[in-house]
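Architecture and fold: a report
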Amino acid sequence: MKTIHVTAFLFLLLLSQEAISQQKLKEKILSEGVLRSALEKKFHIGISYHQYWSTITGQTQSTYFIKPSVGFNLRAEYYFNSFIGVGLGVGFQQRGAGINHQDITGGAFAHPWVFVNTPDGYRSGDPDSTHLDRLRFSTIEFPLTLLLRTPKDFLQQGMRLSGAVGPTLIHTSRVNQTFQSVIDGFHPYNWVTDNYVRNQFGLQASVGFDIDSGGGTSVFQVHLVYTQTLTNVYAKGQADGRLATYGLRFAWLF
């Protein structure tokens, strides 16, 4: 009987040691999981997609309306500590605006038989206020930003509030003006690059969320972004306008 008691005691002792070992292993895994959180990494690099709206503001030479403008960047971010860092990007971004025209005849859809005299000859339709004329800027941008992020999770686990502000260099590679003539399918392109300043500085500000996408390897970032140039966009003094874009940026950072 004594042998049975000793055996049982040793068995219980082994079970308790095993339980302690398992608990320590769980604590280690949890601890390492926190350390491997993507939001704790200092350096990230990745890509971003931009769905913006753009226009020209200020004392402009025409009456503009906003138009959709897409873009993408290669991005790098480095955090000095849990809440402050710097970011750098380079990529392509559409800019520009739509041009409103006075509706004289009721529009090309109302009077498709109306012929308008253009530099390329007579064509059907009327360049009216039906949002058909576009001024398209193709630009390369280099944003440099100061990054701010909450050191702790915000609203839910794995998500933090973040923002950025800083200067951006904008190089305009070309500008074209096109009239989307949906009646006859004729879309003339007029290259008007020389009418606009090719290199400008702007100011960019954004706010949104950084989300740990799981596995401790990547961050999904959603930001509302606003960018505006600081000097006149017109090269020949036609007026005094600024390029402006605003919209959503979706970034995947590793």
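Note: the structure precedes this text.
A few points on the structure. (Residues numbered from 1 in each chain as written. Predicted model: local features only at pLDDT ≥ 70, side-chain atom pairs only at ≥ 80, totals over all residues. Heavy atoms only, no water.)

Bridge count between strand β7 (residues 133-149) and strand β8 (residues 159-179): 15 bridges; the pairing is antiparallel. From the neighbouring strand, F137 faces β8, where its bridge partner is V175. In terms of strand pairing, β8 meets strand β10 (residues 199-212) through 13 bridges, oriented antiparallel. Residue pairing in the sheet places L161 in a bridge with F209 of β10. Alignment of β8 against strand β9 (residues 189-191), held across 3 bridges, turns out to be antiparallel. Within the sheet, the bridge partner assigned to T178 lies in β9 and is Y189. (Pairing = 2+ DSSP bridges. Helix = DSSP H or I, 4+ residues; strand = E, 2+ residues; numbered from the N terminus.)

What follows covers the nonpolar core. As a rule of thumb, nonpolar side chains are buried together in soluble globular proteins. Ranked by size, the top nonpolar core spans 13 residues in total, and within it I56, Y64, L135, F137, Y196, V233 and Y234 carry the most contacts. Listed by contribution, the elements that provide at least two residues to this core are β4 (84-99) and β7. By size, the runner-up hydrophobic cluster in this structure holds 5 residues, among which are A38, L39, V219 and L253. (Core = buried A, V, L, I, M, F, W, Y, C linked by side-chain atoms within 4.5 Å. Buried < 20%, exposed > 50% of the residue type's maximum accessible area, 1.4 Å probe, protein only.)

Moving on: the pattern of salt bridges. Taken as a whole and judged by the stated rule, the model has 6 salt bridges. Notably, a salt bridge pairs R242 with D240, separated by 2.5 Å at the nearest N-O pair. Residue classification places D240 among the partly exposed residues on the basis of a relative accessible area of 32%. Shared partners join several salt bridges into a network, and the residues in it are E40, D153 and R160. (Salt bridge = Lys/Arg side-chain N within 4 Å of Asp/Glu carboxyl O.)

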